[in-house]
Amino acid sequence: MPLPPVEEKKFTEGYGKLKICVTGAGGFIASHLARRLKAEGHYVRGVDWKENEYMKPEDFCDEFLNLDLRHIENCKKAVEGMEWCFNLAADMGGMGFIQSNHSRILYNSTMISFNVSKALLEHDGFWRLLLARDQCATGACSKAPGAWSLCA
């Protein structure tokens, strides 16, 4: 089922214009999330270690940073000045890659998650994180009073 048009439904209604970081924005799901958030009027910073092959950066974000989020310094650059972060970055590939690289994928994806989370915890302006992996939401945390949490 397609999402309703922005004119009919804004999922972030009531929050004002936010500065949002979307990691994994070189991929299909994160770039489409970023495009929706931008269409809802937010400033969106897309971050990934690969370029997006589905659309041009200006179509889905206001700023695109090509960074390897396995390194904490890059995570700090990615989230600097942001209020929300949708962390969809993960080491991915086709089934052949996935089936023959379990430990590499686990290590890289864990480093990305830990480093993004650590960078956000050290960043004073941040107040909401959604962490998702492999098209499945695995949890969310927030420093904002009364904020939602998600576990699926």
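A quick note: this is a predicted structure, and the numbers were derived from the prediction, not measured.

1. Observations concerning the confidence of the model for the protein chain
Within the protein chain, residue pLDDT values average 83, and 79% of them lie at 70 or more. Contacts from residues 134–152, a stretch scored under 50 in pLDDT, to residues over four places away or in other chains number 36 contacts.

2. Topic: the pattern of salt bridges
Taken as a whole, this structure holds six salt bridges when the rule is applied. Here R45 makes a salt bridge to E63, at a shortest N to O gap of 3.0 Å. With R45 in strand 2 (residues 43–48) and E63 in strand 3 (residues 63–66), the pair connects residues that are 18 residues apart, well separated along the chain. Among the residues examined, E63 registers a relative accessible area of 23% and is labelled partly exposed. The shortest N-O distance in the salt bridge between K50 and E53 comes to 3.3 Å. Each of the salt bridges in this network shares a partner with another, and the network as a whole consists of K76, K118 and E122.

3. Here we look at the packing of aromatic side chains
Enumeration over the complete set of coordinates arrives at four aromatic pairs. With centroids separated by 5.0 Å and ring planes inclined at 75°, the aromatic side chains of Y15 and W84 adopt a geometry described as edge-to-face. One end of the pair, Y15, is in the segment before strand 1 (19–23); the other, W84, is in strand 4 (residues 84–87), and 69 residues separate them in sequence. Clustering of aromatic rings is evident, with ring pairs tying together Y15, W84 and F86.

4. A short note on the nonpolar core
I20, V22, L37, V44, F60 and F86 are the most contacted members of the largest nonpolar core, which has 16 residues in total. Among the secondary structure elements, those contributing two or more residues to this core are strand 1, helix 1 (28–39) and strand 4. Per-element tally for this core: the top contributor is helix 1, with three residues. Sequence-distant contacts of F60, defined by excluding residues within four places in its chain, comprise A25, S31, A34, R35, K38, V44, N52 and M55. If you look at the next biggest cluster of nonpolar residues, it comprises 15 residues, including C21, L69, V116 and L129.

5. A few points about the side chain of N87
The topology assignment puts N87 in strand 4. Among the polar contacts listed, one links the side chain of N87 to the side chain of T23, at a separation of 2.5 Å. For N87, the side chain forms a polar contact with the main-chain nitrogen of A89, separated by 3.4 Å.

6. Examining the packing of helix 3 (residues 72–79) against helix 5 (residues 102–121)
The axes of two packed helices give the description: the angle between them and the distance between them. Contact geometry for helix 3 and helix 5: axes closest at 8 Å, N-to-C directions at 55°. Regarding the angle of helix 3 to helix 5, the classification is oblique. Between helix 3 and helix 5 lies a crossing whose hand is right-handed. Taking contact as the criterion, the partners of I72, C75, K76 and V79 in helix 3 are, on helix 5, N115, V116, K118, A119 and L120.

7. Let's talk about helix 1
Compared with the 16 Å implied by 1.5 Å per residue over 12 residues, the 17 Å span of helix 1 between its first and last C-alpha is a close match. Within helix 1 the residues assigned to the buried category are A30, S31, A34, R36 and L37. In this structure, the buried residues of helix 1 make contact with strand 1, strand 2, helix 2 (57–60) and strand 4. Taken from the residues just after helix 1, G41 is the one with a positive phi, measuring 100°.

8. Quick notes on helix 3
Turning to helix 3, its buried residues are N74, C75, A78 and V79. Looking straight down helix 3, one finds its buried side chains confined to an arc of 125°; they lie on one side. In the core, the buried residues of helix 3 are packed alongside strand 1, strand 2, strand 3 and helix 5.

Parameters at a glance
Residues numbered from 1 in each chain as written. Predicted model: local features only at pLDDT ≥ 70, side-chain atom pairs only at ≥ 80, totals over all residues. Heavy atoms only, no water. pLDDT = per-residue confidence, 0-100. Contact = heavy atoms within 4.5 Å. Salt bridge = Lys/Arg side-chain N within 4 Å of Asp/Glu carboxyl O. Helix = DSSP H or I, 4+ residues; strand = E, 2+ residues; numbered from the N terminus. Buried < 20%, exposed > 50% of the residue type's maximum accessible area, 1.4 Å probe, protein only. Phe/Tyr/Trp six-rings, centres within 6.5 Å; stacked < 30°, edge-to-face > 60°. Core = buried A, V, L, I, M, F, W, Y, C linked by side-chain atoms within 4.5 Å. Polar contact = N/O pair within 3.5 Å; in protein donor to acceptor, adjacent residues only side chain to side chain. Axes fitted to C-alpha atoms, helices over the stretch in contact; angles between N-to-C directions. Parallel < 35°, antiparallel > 145°, perpendicular 65-115°, else oblique. Left-handed = near helix turned anticlockwise from the far one by under 90°. Expected span 1.5 Å × (residues − 1). Arc of directions from axis to C-beta.

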